[in-house]
Amino acid sequence: FNVPDLIRKKRDGGEHSHAELEGLILGYTRGEVPDYQISAWLMAVYLRGMTPQETADLTLVMAGSGDQLDLGDLPRTVDKHSTGGVGDKTSLILTPMLSALGLTVAKMSGRGLAHTGGTIDKLESFPGWTPELSEERFLAQAREIGLALVGQSRDLAPADGKLYALRDVTATVDCLPLIASSIMSKKLASGAHTVVLDVKVGAGAFMQTLEDGRALARAMVDIGTRAGRQVRAVLTDMDAPLGHMAGNSLEVQEALDTLRGTGPEDLTELCVALAVEVLAAAGEDEGEAAARARATLHDGSALEKFRAFVAAQGGDPALVDEPGHLDVAPGRSDITAPAAGFVGRIDALGVGRAVLALGGGRERKGEAIDHGVGVELLKKPGEAVDRGEAVLRLYHRDGRGLDTARRLLEDGLSIVDTAPAPEKLILDRV
Ligand code: URA
């Protein structure tokens, strides 16, 4: 086939066949089709869009471009994905809940980039814990404990990695079929039968409006369904950070509180809601699902799974029971309310950027991070405050990045006269 013909076809609003997408994308992955042709094609896709069938075909081609994990005969495999937020430690809680419920989580997770955190970074707050397991050990642990979590293999959906880098420099990232296929190619290649997607919407998220979030969620569920997987999505608010903590060790501490049944309400409710989606997608009765999911946080079963999982991957399980011994940076600095009133807004993006400024995140792939720094929301939006009362607390190391972080937090904080209407956390389900 002829690449200029394919670019022309998309430029003029035509629809590609599976064979055409395979030729183009696998040719690009092998280095036979150059960047400049794929750049032109990406822009044509950006302007013309893709049909649901084309989007699903593109996803399957990317998923098949490298290694695909074969979870084989592991029972009831499930995966979850969040489109990325601030203070989003849900995976740390939800995955042991699911394994306590008898499902198998054999999952690949990412590291944080820019203002969003990553599950692997959070887990590395446990000294010795490793995201690198041989495939054999990974599968054996998933079978024994029901929970194994590794970093994303470089050979998982390599077409997506290459295309994403090109999209980044050709202004074609924010294109719905390209985002949906990118995310789902990695989920399909990771092998789980049931997938729950947490699509974040708001100031701290990729998708700024509910309408955009819903369209992305529908596109991803459609792709998964066409590929024969059970996929559900929930749309959740990300205007303010989730829970009270942002920053790696701090988030682990909060996750451990939640696994003990004493976590913040928003975080607990989100984990229960996501567990319900997974159980329902896996064919269980929805009516009883919430009570069963919640019970794992109160009877110690989810915590026990988490302890076994940390130990199996080289971490010290004693830290699971003594979270106060995790390394938290010793410096403290508070942001106080300039007037009495109610907390109006705590901008999630500002909190994420503040953690980054303190050294808790990375601007570029591969940079080292400080697990101990972060931000605590002493008050959440809607809570009453007195003048001079502390609203936010920064945990810093020797003042590094403190001035920038304080400015970011001050800019993102508003104190209002009347209590704002409570924000709904779960905005919709798809
Ligand atoms: N996350 C991804 O993995 N891919 C995108 O295109 C956007 C967000």
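Residues numbered from 1 in each chain as written. Predicted model: local features only at pLDDT ≥ 70, side-chain atom pairs only at ≥ 80, totals over all residues.

(A) The arrangement of the site of the ligand in detail. If you check the shell around the ligand, you find Tyr164, Leu178, Ile179, Ser182 and Ile183 and nothing else. Of the residues belonging to the shell around the ligand, the class tally is four nonpolar, one polar and no charged. (Near = placed C-beta within 6 Å. Nonpolar A, V, L, I, M, F, W, Y, C, P; charged D, E, K, R; others polar.)

(B) Representation of the domain arrangement of the chain within the structure. Domain assignment breaks the chain into domain 1 (3-49), domain 2 (77-321) and domain 3 (326-416). Of note, the centres of domain 2 and domain 3, computed from C-alpha atoms alone, are 24 Å apart. Taken together, the contact pairs 28 residues of domain 2 with 28 residues of domain 3. For the side of domain 2 that touches domain 3, the class distribution of residues is 12 nonpolar, 13 polar and three charged. (Domains from an automatic or database assignment. Contact = placed C-beta atoms within 7 Å.)

(C) A look at the sheet that holds strand 10 (residues 384-385). Strand order across the open sheet formed by three strands is 10-8-12, with antiparallel pairing between neighbours. Strand pairing shows two members of the sheet lacking a second neighbour, strand 10 and strand 12 (413-416), which therefore form its edges. (Pairing = 2+ DSSP bridges. Helix = DSSP H or I, 4+ residues; strand = E, 2+ residues; numbered from the N terminus.)

(D) Structural context of the nonpolar core. Counting residues in hydrophobic clusters, the biggest one holds 132 residues, and the most contacted among them are Met97, Met220 and Ala275. In terms of residues, this core owes the most to one element, helix 12 (residues 265-281), which gives 10 residues. Those residues in contact with Met220, other than ones at most four positions away along the chain, are Ala180, Ile183, Met184, Leu197, Val231 and Ala233. (Core = buried A, V, L, I, M, F, W, Y, C linked by C-beta atoms within 7 Å. Buried ≥ 20, exposed ≤ 12 C-beta atoms within 10 Å, placed from the backbone.)

(E) Inspection of helix 17 (residues 402-411) at higher detail. Those residues of helix 17 that fall on the buried side of the exposure criterion are Ala405, Leu408 and Leu409. When helix 17 is viewed along its axis, its buried side chains cluster within an angular range of 95 degrees and face the same direction. In this structure, helix 17 carries Asp403 and Asp411 as exposed residues pointing more than 90 degrees from its buried face. Taken together, the buried residues of helix 17 touch strand 7 (331-336), helix 16 (348-358), strand 9 (374-377), strand 11 (390-396) and strand 12. (Arc of directions from axis to C-beta.)

(F) Main features of the packing of helix 2 (residues 18-29) against helix 4 (residues 52-63). Taken N-terminus to C-terminus, the directions of helix 2 and helix 4 make an angle of 40 degrees; their axes are 9 Å apart at the nearest point. Relative to helix 4, the element helix 2 is oriented oblique. Crossing of helix 2 over helix 4 shows right-handed handedness. Within the contact between the two elements, helix 2 uses His18, Leu21, Glu22, Ile25 and Leu26 and helix 4 uses Asp57, Leu58, Val61 and Met62. Taken together, the residues that form the contact of helix 2 with helix 4 break down as six nonpolar, one polar and two charged. (Axes fitted to C-alpha atoms, helices over the stretch in contact; angles between N-to-C directions. Parallel < 35°, antiparallel > 145°, perpendicular 65-115°, else oblique. Left-handed = near helix turned anticlockwise from the far one by under 90°.)

(G) The arrangement of the environment of Ala192 in detail. If you trace the backbone, Ala192 turns up in the loop between helix 9 (176-189) and strand 4 (194-201). By C-beta crowding, Ala192 is classed as buried, having 26 other C-beta atoms within 10 Å. As for Ala192 and Asp321, which are separated by 129 residues in sequence, their C-alpha atoms are 30 Å apart. Those residues in contact with Ala192 that sit more than four places away from it in its chain are Leu71, Thr77, Val78 and Asp79.

(H) The arrangement of the sheet that holds strand 13 (residues 426-429) in detail. With mixed pairing, the six strands of this open sheet are ordered in space as 3-2-1-4-5-13. Bordering the open sheet on either side are strand 3 (147-151) and strand 13, each of which pairs with just one other strand. In this sheet, neighbouring strand axes are inclined to one another by 20 degrees on average, regardless of whether the strands run parallel or antiparallel. Bridge analysis of strand 5 (residues 230-237) against strand 13 gives three bridges, and the strand direction is antiparallel. By the bridge assignment for strand 13, Thr236 is matched with Ile426.

(I) The arrangement of the UniProt feature "domain: Pyrimidine nucleoside phosphorylase C-terminal" (unreviewed entry) in the chain in detail. Here the UniProt-annotated "domain: Pyrimidine nucleoside phosphorylase C-terminal" (unreviewed entry) positions come out as residues 342-416. Structurally, residues 342-416 is divided into 28% helix and 29% strand, and its ends, taken at the C-alpha atoms, are 5 Å apart. (UniProt positions renumbered as here; feature names shortened; annotations may be inferred.)

(J) Representation of the pairing of strand 1 (residues 77-82). Summarising burial for strand 1: six of the six residues are buried, a large majority. Side chains Thr77, Asp79 and His81 of strand 1 all project onto a buried face; the interleaved residues Val78, Lys80 and Ser82 project onto the opposite face, where all are buried too. Bridging between strand 1 and strand 2 (residues 104-109) involves two bridges; their strand directions are parallel. Across the sheet, residue Val78 finds its bridge partner in strand 2, namely Val105.

(K) Up close: unusual backbone geometry. Despite not being glycine, Arg76 has its phi angle at roughly 45 degrees, a positive value. In this fold, Arg76 is placed in the loop between helix 4 and strand 1.

(L) Region of the structure containing the packing of helix 4 against helix 10 (residues 210-226). Two elements in contact, helix 4 and helix 10, have axes whose closest approach is 9 Å; the angle formed by their N-to-C orientations is 65 degrees. In terms of orientation, helix 4 lies roughly perpendicular with respect to helix 10. In this structure, helix 4 meets helix 10 at a crossing whose hand is right-handed. Of the residues in helix 10, those in contact with Pro52, Thr55, Ala56 and Thr59 of helix 4 are Ala219, Asp222, Ile223 and Arg226. For the contact of helix 4 with helix 10, the class distribution of residues is four nonpolar, two polar and two charged.

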